[in-house]
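# Report on the structure
Below are the chains, spelled out letter by letter.
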Amino acid sequence: MALTPSSIQLTTFFFFFFFQLDAATVHGVSADSTNTLLDGARPAMVLPLFLSPSNSSKTLSNLHRHLQGSNASKRPYARMGLYDDLLLNGYYTTRLWIGTPPQKFAVIVDTGSTITYVPCSSCEQCGKHQDPKFQPELSVSYQPVKCNIDCTCDDENVQCVYDRQYAEMSASSGVLGEDIISFGNQSELAPQRAVFGCENLETGDIYSQHADGIMGLGRGDLSIVDQLVEKGVISDSFSLCYGGMDIGGGAMVLGGISPPSDMVFTDSDPVRSPYYNIDLKEIHVAGKRLPLNPSVFDGRHGTVLDSGTTYAYLPETAFAAFKDAFMKELNALKQIRGPDPNYNDICFSGAPSDVSQLSNTFPPIDMVFGNGKLLSLSPENYLFRHSKVRGAYCLGVFQNGHDPTTLLGGIIARNTLVMYDRENSKMGFWKTNCSELWERLHRTGAPAPSSSASNRTNSTIGMPPTLAPSNQLQYILPGQYAESHF
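Here is a short report on the structure shown in this document. On a predicted model such as this, the values are computed, not experimentally measured, just so you know. (Residues numbered from 1 in each chain as written. Predicted model: local features only at pLDDT ≥ 70, side-chain atom pairs only at ≥ 80, totals over all residues. Heavy atoms only, no water.)

Another point: unusual backbone geometry. With an omega dihedral of 0°, the bond running from threonine 100 to proline 101 counts as a cis peptide bond. Along the chain, proline 101 falls in the loop between β4 (93–98) and β5 (103–110). We note that asparagine 157 has phi near 55°; this positive angle belongs to a residue other than glycine. As for its position among the elements, asparagine 157 is in the loop between β8 (152–153) and β9 (160–165). A positive phi angle is found at serine 425, which is not glycine, with a value near 50°. By the element assignment, serine 425 lies in the loop between β29 (416–421) and β30 (426–431). Classification of serine 425 by relative accessible area gives partly exposed; the value is 29%. (Helix = DSSP H or I, 4+ residues; strand = E, 2+ residues; numbered from the N terminus. Buried < 20%, exposed > 50% of the residue type's maximum accessible area, 1.4 Å probe, protein only.)

Put into structure tokens, the structure is as follows:
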């Protein structure tokens, strides 16, 4: 989860490992002084990592989901817009509406977090964000989650609470509540009751970020995906599609959609890591395989794909080979200093300003998976614009300190529909124009909602919900009221 242009990828709970993150552009947090770094290298960061206990109830949950799988294609899904830009803002956001009547929030989309939370009206130590705080006292459908054996309780043993401590010294804590959550007018999925965090304390970047809160898409009982799957209202899948360079925005789907016939799939092992991982075996630069043992991409946590991380980070050996091969292909360009003198960014001038022409200058890069399938990356999937020199670009691939984990951030997924097919333990990639996703899916034969037009712009205005959950409260727009049947 990237919070602001000066924050770090955040994830949840108890165990820590090191990733080298971009401190200058998005993930800038003071480096751990105990780490030995290369001169000019971007600092390695400590990331909290959640590990499920061996006696977790997930075994029954996974069985339940597997049995539901045969009806997955009949389930609705939530089609939602993405806003902001990972390189410019530090994150992508989507819109959620919570309560009756609904209250709107801009939440950071994060595959590395396992809880959704927004500021509570009672919070005196929360920052000023994009929207007003959630007011549970104004929602006739809100219920606090009462203390029970499956949660951490407050000091009075009355209500369940949560507490997230992050590596760059920011934190979020509060109470757990349950209310109706809506996904907007583009969604086929009716509003659903779900548990979320109502913040009573924010510190650090969580306090200062513009976005209201976090939408946790990781694996965990409090994840919005897990809750919807457990209710049987969506299949165990979701998809993200990030807009291209200079465009931002994009689209996301909660639930399963029919994949395009040419979508490239790779295995994703939930036992291997609590993060969403892929089975990367080779990298090719300009059609030439890097001279690496495939095991280099399987170190520590393997190859992790994370929506909140900005760039790509390779193990030391892999990065050295990649850098050498990449530099050999760019003899016609002039290497220049990066935008931040504190870091040895690899940058070049003399390239065209038109993104569509970059492939004439920069080499194709391919990732090859364990099943032999190949994903081709265009220059916008590994470059970012130099902020001070027109027509100059910098390599968005870095060495991951001395950590053997391979971390692939959002830059890799620009203009790519990424399907997190958790039910079948695989991930799919489909190169497309994310600003025209629904039209393109329709042309490939995959179903697209017909109720509303595609979102072609990176608008920050969300559509309010109008659907009502079956057998639940009538869902009323702000300014209107309904009798409570709760």
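Next, the rest of the story.
The biggest cluster of nonpolar side chains holds 91 residues, and the ones touching the most others in it are Phe183, Met215, Leu217, Met252, Leu254, Phe322 and Phe362. The dominant element in this core, judged by the number of residues it contributes, is helix α5 (residues 316–328), at six residues. Contacts of phenylalanine 362, omitting those with residues within four sequence positions, involve Phe326, Leu330, Leu333, Phe348, Ala351, Pro379, Tyr382, Leu383 and Tyr393. (Core = buried A, V, L, I, M, F, W, Y, C linked by side-chain atoms within 4.5 Å. Contact = heavy atoms within 4.5 Å.)

Look at α5: 19 Å from first C-alpha to last across 13 residues, which is about the 18 Å you get at 1.5 Å a residue. Those residues of α5 lying buried are Ala318, Phe319, Ala321, Phe322, Ala325 and Phe326. Buried residues along α5 cover an arc of 165° about the axis, so they all sit on one side. Exposed residues on α5 whose side chains face more than 90 degrees from its buried face are Thr317 and Lys328. (Expected span 1.5 Å × (residues − 1). Arc of directions from axis to C-beta.)

Turning our attention to the state of the cysteines. Applying the stated criterion to the full structure yields six disulfides. Between the sulfur of cysteine 120 and that of cysteine 198 lies a disulfide, 1.9 Å long from S to S. The chirality of the disulfide connecting cysteine 120 with cysteine 198 is right-handed, given an S-S dihedral of about 90°. Placement of cysteine 120 in the loop between β6 (117–119) and β7 (143–144) and of cysteine 198 in strand β11 (residues 192–203) is noted, with a sequence separation of 78 residues between them. Exposure class is identical for cysteine 120 and cysteine 198. Each is buried. Between the sulfur of cysteine 151 and that of cysteine 160 lies a disulfide, 2.0 Å long from S to S. Its S-S torsion of approximately -75° makes the covalent link between cysteine 151 and cysteine 160 left-handed. Residue cysteine 151 is classed as partly exposed on the basis of its relative accessible area, which comes to 21%. (Disulfide = S-S within 2.5 Å.)

Before going further, it helps to spend a moment on the pattern of salt bridges. Tallied over the full model, the rule gives eleven salt bridges. Lysine 328 is the salt-bridge partner of aspartate 324, the closest N and O atoms lying 3.3 Å from each other. With aspartate 324 and lysine 328 both in helix α5, this residue pair falls four residues apart, about one helical turn. Exposure remark for lysine 328: the relative accessible area of 54% places this residue in the exposed category. Connected through shared salt-bridge partners, Asp226, Asp236 and Arg422 make up one network. (Salt bridge = Lys/Arg side-chain N within 4 Å of Asp/Glu carboxyl O.)

With that out of the way, let us pick up the environment of proline 144. Mapped onto the fold, proline 144 is located in strand β7. Taking relative accessible area as the criterion, proline 144 reaches 41% and is therefore assigned partly exposed. Through-space distance from the C-alpha of proline 144 to that of cysteine 198 is 9.6 Å; in sequence the pair is 54 residues apart. Proline 144 has contacts with Gln159, Leu176 and Gly177, leaving out every residue within four places of it along the chain.

With antiparallel pairing, four strands are arranged side by side in an open sheet as β18-β17-β23-β24. Two strands in the sheet have a free side with no partner beyond their single neighbour: β18 (288–289) and β24 (374–377). As paired elements, strand β17 (residues 280–285) and β18 share two bridges and run antiparallel to each other. Bridge assignment links histidine 284 to a residue of β18, and that residue is arginine 289. (Pairing = 2+ DSSP bridges.)

Applying the stated rule across the entire model yields 18 aromatic pairs. With a centroid separation of 5.1 Å and 75° between ring planes, the pair formed by tyrosine 276 and tyrosine 420 is classed as edge-to-face. Within this pair, whereas tyrosine 276 is found in the loop between β15 (264–267) and β16 (277–278), its partner tyrosine 420 is found in strand β29, the two being separated by 144 residues in sequence. In this pair, the class of tyrosine 276 matches that of tyrosine 420, namely buried. Here phenylalanine 369 and phenylalanine 429 contribute two aromatic rings whose centre-to-centre distance is 5.9 Å and whose plane-to-plane angle is 20°, an arrangement assigned as stacked. In this pair, phenylalanine 369 sits in strand β23 (residues 365–369) while phenylalanine 429 sits in strand β30, placing the two residues 60 residues apart along the sequence. Its relative accessible area of 2% is what places phenylalanine 369 among the buried residues. (Phe/Tyr/Trp six-rings, centres within 6.5 Å; stacked < 30°, edge-to-face > 60°.)

Strands sit in the order β3-β14-β13-β29-β30-β15 across an open sheet of six strands; the sheet is antiparallel. Bordering the open sheet on either side are β3 (78–82) and β15, each of which pairs with just one other strand. Averaged over all pairs of adjacent strands, the angle between their axes in this sheet comes to 15°, without regard to strand direction. Strand direction decides the pairing type here: β29 and β30, joined by six bridges, are antiparallel. Following the sheet pairing, tyrosine 420 is matched in β30 by methionine 427. (Axes fitted to C-alpha atoms, helices over the stretch in contact; angles between N-to-C directions.)

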